[in-house]
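Residues per chain are reported as follows:
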Amino acid sequence: MLEGKVAVITGSARGIGRYVARTFVEAGASVVVADVEPLDTVTKELTAIEGQVLAVPTDVRDEAQVRELMARAVDRFGGIDVLVNNAAIVTHFQWGVPPWPAIKDMESSFWDKVMGTNLRGTFLCTKYALPHMEARGGGHVVSTMGGGNPEVTGSAAYAVSKDAIRTFTRFVAEEERAHGICVVMISPGTQIATELAPDEARGRMAGPEFVGERFVLAAQAPLELSGHLLELHDGELKPRQP
């Protein structure tokens, strides 16, 4: 499905990103994994299934590191076809961990860290991947959707960052349409309990494997879907209705 393609996946040391990296390798892609967390585990997993993999420790908030990430991907594999913007600081209220503070109690440095990772990181990675995609005559930028319940105190920063990325996706999609680059967001489909979740949460919630092939499908989405938030329905990606 993705034979000969090169995919850069941020936030891929664990959780959804780690599983997405595996599904991309299984679909035939060469994969560049990037994260601020150690990448040893995911690299070993991908190598064990004979994946072509490059690990680049990266803080997506740092412009120089992001520029270097994309340069190393091109250096190793010759180009970039797919970018998965998955790196994020995520709220996990459903796991029983202490909730983030209400806005009136939130340190501005914490707000800046969430926005810097989630929104600025998406901007920087997209900015530095696009020229390489244009050079190849097309590509896909796929960002992970997320949200929050306004009735749950502390979810504002994360939800605002993801809503902003949805708007970012719409605008970049139009800027890059003429270059054959499809820019979308993809919904995981449900709340996911990653390997860091407590046993109780993993027992009642879907794991990263639930993500299935939706990111692989998004990396092949036709240009007419560019700019949309996509959901999987009966094996097909469709735009989420307002």
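All values derive from a computational prediction rather than experimental measurement.

Cut-off values and rules
Residues numbered from 1 in each chain as written. Predicted model: local features only at pLDDT ≥ 70, side-chain atom pairs only at ≥ 80, totals over all residues. Heavy atoms only, no water. Helix = DSSP H or I, 4+ residues; strand = E, 2+ residues; numbered from the N terminus. Buried < 20%, exposed > 50% of the residue type's maximum accessible area, 1.4 Å probe, protein only. Contact = heavy atoms within 4.5 Å. Areas by Shrake-Rupley, 256 points an atom, 1.4 Å probe, with all protein chains shown as cover. Lys, Arg positive; Asp, Glu negative; His and termini not counted. Salt bridge = Lys/Arg side-chain N within 4 Å of Asp/Glu carboxyl O. Polar contact = N/O pair within 3.5 Å; in protein donor to acceptor, adjacent residues only side chain to side chain. Pairing = 2+ DSSP bridges. pLDDT = per-residue confidence, 0-100. Axes fitted to C-alpha atoms, helices over the stretch in contact; angles between N-to-C directions. Parallel < 35°, antiparallel > 145°, perpendicular 65-115°, else oblique. Left-handed = near helix turned anticlockwise from the far one by under 90°. Nonpolar A, V, L, I, M, F, W, Y, C, P; charged D, E, K, R; others polar.

Asker: Mind laying out the overall build of the chain, listing which residues take part and the relevant values?
Answerer: When helices and strands are tallied, the chain shows seven helices and eight strands. When the 242 residues of the chain are sorted by exposure, 49% land in the buried category. Across the chain, the fraction of contacts at a sequence separation of at least 24, relative to all contacts at a separation of at least 6, is 66%. About 11,300 Å² of surface is accessible on the chain, with carbon and sulfur atoms providing 51% of the total.

Asker: How would you summarise the side chain of Asp35 if you had to cite specific residues and measurements?
Answerer: By the element assignment, Asp35 lies in strand 2 (residues 30-35). Nearest to the buried, unbridged Asp35 among oppositely charged side chains is Arg14, at 6.1 Å. Of the polar contacts made by the side chain of Asp35, one reaches the backbone nitrogen of Ser12; its length is 3.2 Å. Those residues in contact with Asp35, other than ones at most four positions away along the chain, are Gly11, Ser12, Ala13, Arg14, Val56, Pro57 and Thr58.

Asker: Can you lay out the pairing of strand 6 (residues 181-186) for me, pointing to particular residues and giving the numbers?
Answerer: Taking burial as the measure, the six residues of strand 6 include six buried ones, the bulk of the element. By the alternation rule, side chains of strand 6 split into Ile181, Val183 and Met185 and Cys182, Val184 and Ile186, which are all buried. In terms of strand pairing, strand 5 (residues 139-144) meets strand 6 through six bridges, oriented parallel. Its bridge partner being in strand 6, Val142 is matched across the sheet by Val184.

Asker: Which residues make up the confidence of the model for the chain, and what values do they have?
Answerer: Per-residue confidence for the chain gives a mean pLDDT of 88; residues scoring 70 or more make up 86%. A low-confidence stretch, residues 197-207 stays under pLDDT 50, and its non-local contacts, those more than four residues away or across chains, total 20 contacts.

Asker: Go over the sheet that holds strand 1 (residues 6-10) with me, naming the residues and quoting the values.
Answerer: With mixed pairing, the eight strands of this open sheet are ordered in space as 3-2-1-4-5-6-7-8. Edge positions in the sheet fall to strand 3 (53-57) and strand 8 (236-239), since each of these pairs with one other strand and no more. Shown here is a sheet whose adjacent strand axes are inclined to one another by a mean of 25°, direction ignored. Sheet topology note: the strand 7 (residues 229-233)/strand 8 ladder contains four bridges and is antiparallel. Counterpart to His233 in the pairing with strand 8 is Glu236. Here helix 3 (residues 63-77) sits on the sheet and contacts strand 1, strand 2, strand 3 and strand 4 (82-85); the angle it forms with strand 3, its principal contact strand, is near 165°. Contacts between helix 5 (residues 156-176) and the sheet are confined to strand 5, strand 6 and strand 7, with strand 6 contributing the most and set at about 165° to the helix.

Asker: So what about the pairing of strand 4? Which residues, and what values?
Answerer: Side chains Val82 and Val84 project from strand 4 onto one buried face, and the interleaved Leu83 and Asn85 project onto a second face that is buried too. As judged from the three bridges shared by strand 1 and strand 4, these two strands associate in the parallel manner. In the sheet register, Val8 faces strand 4, and the bridge partner there is Leu83. As paired elements, strand 4 and strand 5 share four bridges and run parallel to each other.

Asker: Talk me through the packing of helix 1 (residues 15-26) against helix 2 (residues 40-48); I want residue IDs and the actual numbers.
Answerer: Contact pair helix 1 / helix 2: the axes reach a minimum separation of 10 Å and the direction vectors enclose 20°. Between helix 1 and helix 2, the interaxial angle falls into the category roughly parallel. In the packing of helix 1 onto helix 2, the handedness of the crossing is right-handed. On helix 2, the residues touching Arg18, Ala21, Arg22 and Val25 of helix 1 are Thr41, Val42, Glu45 and Leu46. Per-class residue counts for the contact of helix 1 with helix 2 are four nonpolar, one polar and three charged.

Asker: Tell me about the pattern of salt bridges, and please be specific about residues and values.
Answerer: Under the counting rule described, the total for this entry stands at seven salt bridges. A salt bridge links Lys104 to Asp105, with the nearest nitrogen and oxygen atoms 3.3 Å apart.

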